[in-house]
Amino acid sequence: MQQGEDRYWRRTSTLMWTMFVLWVFFSFVVHMFVNQLNEFEFWGFPLGFYMAAQGSLIVFVVMLFVYAAAQDKIDREEGVAEDE
Amino acid sequence: MAQQAQAAKGDFISNLGKIYGLYTGGFFAFVVVLAILEQLGVPNRWIGYGFVFLTLAVYAIIGVLSRTAEVGEYYVAGRRVPAFYNGMATGADWMSGASFVGMAGTLFLLGYDGLSFVLGWTGGYVLVAILIAPFLRKFGAFTVPDFFSERYGGNFARFLAVIVLVCCSFTYVTAQIYATGIIASRFLDIDFTVAVYVGLIGILLCSMLGGMKAVTWTQVAQYIVLIVAYLLPVVILSTQKYGIPVPQLTYGQAIREIGALEQGMLSNGLATAQTLKPHIKPFTTYDPLNYFALILCLMVGTASLPHILMRYFTTPSVREARKSVAWSLFFIFLLYFTAPAYAAFSKLEVYSTVIGRDLDSVRPWLFTYGHLGLVKICGADAVSIDAIKAACSQVAGHPGVIRLQDFSINTDVIVLSTPEIAGMPYVIAGLVAAGGLAAALSTADGLLLAIANALSHDIYYKMLDRNAPTTRRLIVARILLVVVAVGAAYTASTKPADILSMVAWAFSLAAAGIFPALVLGIWWKRANTAGAIVGMILGFGFCVYYLVGTRYYAVHFYETWAWLSTASPAAVAKFAELKTAWMNAAEPAKQAAWVALDKHAMTIANWWGVRNISAALFGLPLGFLAIWIVSLLTPAPSKEVQDMVDATRRPRGDTIIRDKDAVLPAH
């Protein structure tokens, strides 16, 4: 049981850190290159502007649905999911 | 009897789709009826009354129908709110009157730099989902301070959390009630103070009888009104201009046109390089340090604001709590990814039809807002062509056409004026007002409940009278709710400029005071009571010191920390000059000299140039560091506490805290 729980928390932490790195990337890193990205066009927008106005936001929303599904899968596989 | 209530409740939850579907349909029908009445000649004023009073009445009815005498229902809506609806309620809880009315205006004024708010107020939900909300749901707290007390053993940690909570929520709720007053007084043409108390009644009817349960179901209704009101005008505008009803796609075209107009204005002398901030050019207002610091502080602040976190206490399970954060962000995203479209369309309108215009041919929509003091041309309220002409004739060398530097606009105007700019009937303007009101009321409800619950549950029940029976607990909760609400409404009615400018501080205060101890409490078993207490005091204290120091004691702050300030040599010289002037001034002039000195000092009182809105940039790392160091220097938490953390991390099983009076579904 103890071992199973360790593995559960390890997988949960890995998922958290994956999401966290993506969050850092789309909150900060990508916008540090706004001037370079603005050289490109995306759907009629300068790409750097687009990323701050819509791109990162869409990524955040999608990320959270993926996260909820992925964490639920971990819960079920490790036997710690709640009853339906 | 209880069986019956249970069945009725089940019916309500399983019929939510039908109920809110009908409600949305009814709301559209109501808009159509008012539109027809307007065509029949009913005056605008009555259309405005119709919107404000009917929506208020609906919220109040939901509030009264959701009344409850049960502790679990009052504090956490019986933990039965499905993810999707809790997402909508959080959306309304989150979107303040200022976001609804002012966000687009901020983007209008700041261009790219304003997007730091759009990013900051959405990305924080990622932190809520992956670090905090599911675990707090498993914990089973009624309030955020509940967690602090159980995890960090005792009432001192609880008390600190309550202090941070009240500090960041009270200014915020005052601003919401103020926004209610502004919107209601503008559209109903009534006195501001009266409007504030009308708003207060609306807020109390929604929250007092049913607590969290009532607030949840009114917030869902309010979200529907606010999102329809926000999207409809700009969708119509986009269809008119580009033939596609998706403004979020078509404003790329508007941005390109704005770019061309900006070039034109520079080349024909209608704008100077100093006054024109190209819309898509980054870092014209904030330097990169402040831009990213603001994003960080807003995001971490989002993940620490108690009125948001407590929404996730209401879901039926940990699984639903996670999904619910995703839905929340989706519903919030709908508004924030539309705001830049408002800004772009308005800017295009202003650049193509106001700037460069002959003073005689100014578009009439400007005068509507000029009368309210929200649009100024040549420094005077734009109330009529004659007034503008008179004002501009005072400006030396004025060319007789409006230049960019002659024009100034309040951020509230952008959203409010869009229906008029697009030539839509007044009913759409009324709809926008109802949306703004819904946004302000729903946020005020959530904040008031967060404050009153902390006072009634944490201070009264947990710290003062642990044996209070259910009825007394709920009576105290309601009395405190009314007291806090009346206090906030009274404060708002005095139009306190200071408090309103402090709202943005809430994010930094919450981030520095709550986030480190909250996250480490879940993710680091070794974090102990001493560490958390030192971390909270230092993080929060530091943040308050920076905020208050740079704002209210700027001269002293600058002199103490001159070596860390990024003041230019010219600014330093000016400071010395103003200081000498103040010291030498005689009594009547001394006051004015001090004001000038203080005002200048505010621009240079900083550490490494960080603006005071981003104060958590210092408090946040300090809080983490303090908890880490002090925890390692003192003994590890007991086995019981460590087991409790393990149980918090595991979705299966009962909640950690169980309230003796609450009838909540067991899992």
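A. Representation of the overall build of chain B within the structure. Counting its regular elements, chain B contains 30 helices and three strands. By the compact-globule yardstick of 26 Å for 667 residues, chain B fits well, its C-alpha radius of gyration being 26 Å. In terms of overall dimensions, chain B has C-alpha extents of about 80 × 70 × 45 Å along its principal axes. The buried share of chain B, reckoned over its 667 residues, is 60%. Counting contacts in chain B only where the partners sit at least 6 residues apart, residues at least 24 apart contribute 83% of the total.

B. Geometry of the nonpolar core. All names here are of chain B. Formed by 268 residues in total, the largest nonpolar core has its most connected members in Trp-94, Phe-100, Tyr-125, Phe-148, Tyr-251, Tyr-336 and Phe-407. Sort the elements by how many residues they give to this core and helix α20 (residues 426-464) lands first, with 20 residues. Apart from the residues lying within four places of it in its own chain, the contact partners of Phe-100 are Leu-226, Ala-229, Tyr-230, Leu-335, Val-415, Val-432, Gly-435, Gly-436 and Ala-439.

C. Structural view of the interface of chain B and chain A. At the junction of the two partners, chain B supplies 49 residues and chain A supplies 45 residues. Carbon and sulfur atoms make up 72% of the area that chain B and chain A hide from each other, which totals about 4,400 Å². Together, Ile130(B), Arg319(B) and Arg322(B) form the three largest contributors to the area buried by chain B at its contact with chain A, with a combined 15%. Put simply, chain B and chain A have three salt bridges between them. One salt bridge connects Asp75(A) with Arg322(B), and the closest N-O pair in it is separated by 3.0 Å. Listing elements by their share of the side of chain B that touches chain A, those giving two or more residues are α7 (115-139), α12 (247-267), α13 (288-302) and α15 (318-336) of chain B.

D. Quick peek at the side chain of Ser493(B). Residue and element names in this part refer to chain B. Its place among the elements puts Ser-493 in helix α21 (residues 470-493). Judged by relative accessible area, Ser-493 falls into the buried class, the value being 14%. Setting aside anything within four residues of it in sequence, one finds Ser-493 in contact with Phe-192, Thr-193, Val-196 and Tyr-197.

E. Focus on the environment of Ala321(B). Its place among the elements puts Ala321(B) in helix α15. The class of Ala321(B) is buried, set by a relative accessible area of 0%.

F. Here's a closer look at the packing of aromatic side chains. With the rule as written, the count across this model stands at 65 aromatic pairs over all chains. Centroid distance Trp561(B) to Trp607(B): 5.0 Å. Interplanar angle 75°. Geometry classified as edge-to-face. Of this pair, Trp561(B) sits in the loop between α26 (554-560) and α27 (569-584) while Trp607(B) sits in the loop between α28 (587-604) and α29 (616-633), placing them 46 residues apart in sequence. A connected cluster of aromatic rings, assembled from ring pairs, spans Phe65(A), Phe12(B), Tyr20(B), Tyr23(B), Phe84(B), Tyr85(B), Trp217(B), Tyr223(B), Trp327(B), Phe330(B) and Phe331(B). Its end group placed over the ring of Phe108(B), Lys347(B) keeps NZ or CZ at 5.6 Å from the ring centre. The ring of Phe192(B) is capped by Lys495(B), whose NZ or CZ atom sits 4.6 Å from the centre of that ring.

The rules behind the values
Residues numbered from 1 in each chain as written. Chains lettered and ligands numbered in written order. Predicted model: local features only at pLDDT ≥ 70, side-chain atom pairs only at ≥ 80, totals over all residues. Heavy atoms only, no water. Helix = DSSP H or I, 4+ residues; strand = E, 2+ residues; numbered from the N terminus. Rg over C-alpha atoms; globule rule 2.2 N^0.38 Å. Buried < 20%, exposed > 50% of the residue type's maximum accessible area, 1.4 Å probe, protein only. Contact = heavy atoms within 4.5 Å. Core = buried A, V, L, I, M, F, W, Y, C linked by side-chain atoms within 4.5 Å. Buried area = accessible area lost by both parts, 1.4 Å probe. Salt bridge = Lys/Arg side-chain N within 4 Å of Asp/Glu carboxyl O. Phe/Tyr/Trp six-rings, centres within 6.5 Å; stacked < 30°, edge-to-face > 60°. Lys NZ or Arg CZ within 6 Å of the ring centre and 35° of its normal.

Shape is all these values report; function is a separate question.
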